[in-house]
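# Working through the structure, step by step
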Amino acid sequence: MHQSVNYVSDLYKSRRRKSLTVTELIIYCHIVTGGSNHTNDRNRWAFSFNVCDLRSITVKCEGWSYITFHLKDGTALPAIHFHQGGSTAFLDSLRKSKFKKDPYTTTLGGFSKVTNYLFDAFRAPELECHQRPAEEVADLLGELIPGLEINQQEEPGFEVITRVSLDLGPRPEVQRRGPVTMEEWAKYQDSEGRITNVPHLKDLILKGGLCHALRREAWKFLLCYFPWNSTHEERKLLQKRKTDEYFRMKLQWKSVSEEQERRNSRLRDYRSLIEKDVNRTDRNNKFYEGLDNPGLILLHDILMTYCMYDFDLGYVQGMSDLLSPILFVMENEVDAFWCFVSFMDEVHENFEEQMQGMKTQLIQLSTLLRLLDLAFWNYLEAQDSGHLYFCFRWLLIRFKRELHFQDVLRLWEVMWTRLPCQNFHLLVCCAILDSEKQKIMDRKYGFNEILKHINELSMKLDIEEILSKSEAICMQIKNCKDLPHSVSEILGLNTVTEPSAALETSEYGILESPQTSPRSTHRQDHVVSNEEADSSQLTTVMLSLF
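Thresholds applied
- Residues numbered from 1 in each chain as written.
- Predicted model: local features only at pLDDT ≥ 70, side-chain atom pairs only at ≥ 80, totals over all residues.
- Heavy atoms only, no water.
- Helix = DSSP H or I, 4+ residues; strand = E, 2+ residues; numbered from the N terminus.
- Buried < 20%, exposed > 50% of the residue type's maximum accessible area, 1.4 Å probe, protein only.
- Contact = heavy atoms within 4.5 Å.
- Areas by Shrake-Rupley, 256 points an atom, 1.4 Å probe, with all protein chains shown as cover.
- Expected span 1.5 Å × (residues − 1).
- Phe/Tyr/Trp six-rings, centres within 6.5 Å; stacked < 30°, edge-to-face > 60°.
- Lys NZ or Arg CZ within 6 Å of the ring centre and 35° of its normal.
- Axes fitted to C-alpha atoms, helices over the stretch in contact; angles between N-to-C directions.
- Parallel < 35°, antiparallel > 145°, perpendicular 65-115°, else oblique.
- Nonpolar A, V, L, I, M, F, W, Y, C, P; charged D, E, K, R; others polar.
- Polar contact = N/O pair within 3.5 Å; in protein donor to acceptor, adjacent residues only side chain to side chain.
- Salt bridge = Lys/Arg side-chain N within 4 Å of Asp/Glu carboxyl O.
- pLDDT = per-residue confidence, 0-100.

### Considering the overall build of the chain
Assigned secondary structure in the chain consists of 21 helices and 12 strands. When the 546 residues of the chain are sorted by exposure, 55% land in the buried category. Excluding contacts between residues fewer than 6 apart, the proportion of contacts in the chain whose partners are at least 24 apart in sequence is 75%. Carbon together with sulfur atoms contributes 49% to the accessible area of the chain, which is approximately 24,400 Å² in total.

Take a look at the structure:
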């Protein structure tokens, strides 16, 4: 006798107890047997359980789909069968229902909107603690991450179910090699200057970076200023054209009179902010030290010209940090500008008013961290740190303030190869956290201590060790069978899952946000899922790095 469900999914929130959200899931199973409609049996077939007791949800397909709830004590509740379909709609209702609404993900707004209906199922009882008021969390973040301003505005979350508890297998050993030399680089050029066997050359750069003497030329290719298949002559023509274009834009702001600027508040504000930031960017570097340094003048002029190139974005604090290493390597105003434009195309959304790029990256990082070490992620959640705001500066300016200047050059050129996967910088975050997690948990660091500890890692990180571990993590994930589709999307792995197969024998657990496509250029329209598009306006978050 098969059981069919005509009435399912009565979802509700219970009252808060001692500041902890306790959520119960009530499933009413209306049983249909032999064509008779037993409406009076509704209460007899109803069952309920506390989400704290839930271990997983299994969805199977054997001609029709059915769902089973598994509790921590090993109990498997009666299966809910969907003979006439509807299992997908049922799971959608789980996605859309806000089972768990903890204060910091709600009131701190747009970054880590990973509302999690199985949150309590993975929070060990001994880790449960009184959650801090949103105002206190915001104040502490502001103290420990200087300049971080958080608009405490509520917005609805969005979520997608994913699988958990996968066996990732052993993590392979990765050996680094020495940097690519001038002689090695020359071997990859034909007689007319075209770069040959680009994938293999990029792999060498991934494994060892570039010698400094080579960076001025190689970075132009890595940053897409020069096409890999261009000849010497084609590159000369390109540089001439780009030089003319640059100085036309530069002339636009140079020719604005003081009287005109008084009537242009945006340009005036851009100039003021640029002048402040330039005077405190990498002043301990010989290229920028001292008064009236030519490097500072070039830094200022390039940033002002970028405002003409992209007046909608203009200048935002942190952009000078991204330009400084590029100008240091190029030692040329025009080349540095166009390489900077390419880098900004990649990270443009980080600096937009609604900072969609930052929000997406923090959610993606949370997804990867849960896959790699669920216990550590649960610990961070228990300490009000699951939002991963302590990684904000890492992501915004690509570790520029966490590493020594020369190590920044090494990391960036490796990331610009786009190898060994998409969003490799997120695995760099995971590698750093992997090295620090034991100390954080063994010493029972709380919210304050976690933020303080992460901030104090600045200038203490070993770039070669980090890159080796990051690549090893990537290889470990690639070798994993049944990798969640969301993770494959984040890392750009070639894993295709048929929609119908997604419901076959899957273990479901925590929630994550839908992913958006990586930005290839900030001029392109941003494509989001319907669920994300329905979210209210994102919280504006600004980071002053000084």
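What follows picks up the thread again.
### Comments concerning helix α13 (residues 356–372)
The end-to-end C-alpha distance of α13 is 24 Å, a good match for the 24 Å that 17 residues give at a rise of 1.5 Å each. Most of α13 is tucked away, with 17 of its 17 residues classed as buried.

### Looking at the packing of aromatic side chains
For the structure shown, the criterion picks out 21 aromatic pairs. Aromatic ring contacts, followed pair by pair, group Tyr246, Phe247, Tyr306, Tyr309, Phe337, Trp338 and Phe340 into a single cluster. In this structure, lysine 242 is placed above the aromatic ring of tryptophan 338, and the distance from its NZ or CZ to the ring centre is 4.1 Å. Lying across the ring of tryptophan 377, arginine 370 places its NZ or CZ 4.9 Å from the centre.

### Details of the packing of helix α17 (residues 424–442) against helix α19 (residues 463–478)
Where α17 contacts α19, the two axes come as close as 8 Å, and the packing angle between them is 110°. Comparing the axis directions of α17 and α19 gives the class roughly perpendicular. Residues Phe424, Leu427, Val428, Cys430, Ala431, Ile432, Asp434 and Ser435 of α17 form the contact with α19, whose participating residues are Glu465, Ile466, Leu467, Lys469, Ser470, Glu471, Ile473, Cys474 and Ile477. Among the residues forming the contact of α17 with α19, the class breakdown is 11 nonpolar, 2 polar and 4 charged.

### Quick word on the side chain of threonine 417
Its location among the elements puts threonine 417 in the loop between α16 (405–415) and α17. At 3.2 Å, the side chain of threonine 417 forms a polar contact with the backbone nitrogen of leucine 419. Among all residues touching threonine 417, those that are not within four sequence positions of it are Lys202, Ile205, Leu206 and Leu222.

### Re the pattern of salt bridges
Pairs can form between side chains of opposite charge whenever their charged atoms are close. Summed over all chains, the structure comprises 28 salt bridges. A salt bridge links arginine 215 to glutamate 413, with the shortest nitrogen-to-oxygen separation between them at 2.7 Å. Note that arginine 215 is positioned in helix α6 (residues 212–222) and glutamate 413 in helix α16, a separation of 198 residues in sequence. Since its relative accessible area comes to 0%, glutamate 413 is described here as buried. One salt bridge connects aspartate 434 with lysine 469, and the closest N-O pair in it is separated by 3.1 Å. Highlighted residues: aspartate 434 in helix α17 and lysine 469 in helix α19, separated in sequence by 35 residues. Connected through shared salt-bridge partners, Arg171, Asp373, Asp434, Lys437 and Lys469 make up one network.

### Quick notes on α6
Here α6 has its buried residues at Leu214, Arg215, Ala218, Trp219, Lys220, Phe221 and Leu222. Looking at the buried residues of α6, the elements they touch are α4 (182–187), α5 (198–208), α7 (232–254), α11 (319–330), α12 (333–351) and α16. Downstream of α6 by a residue or two, cysteine 224 has a phi angle that is positive, lying close to 65°.

### Some thoughts on the confidence of the model for the chain
Interpretation of this model should avoid reading the predicted coordinates in detail wherever pLDDT is low. Mean pLDDT for the chain: 76, with 66% of residues reaching 70 or above. Between residues 97–130, whose pLDDT stays under 50, and residues either more than four places distant or in other chains, the model counts 126 contacts.

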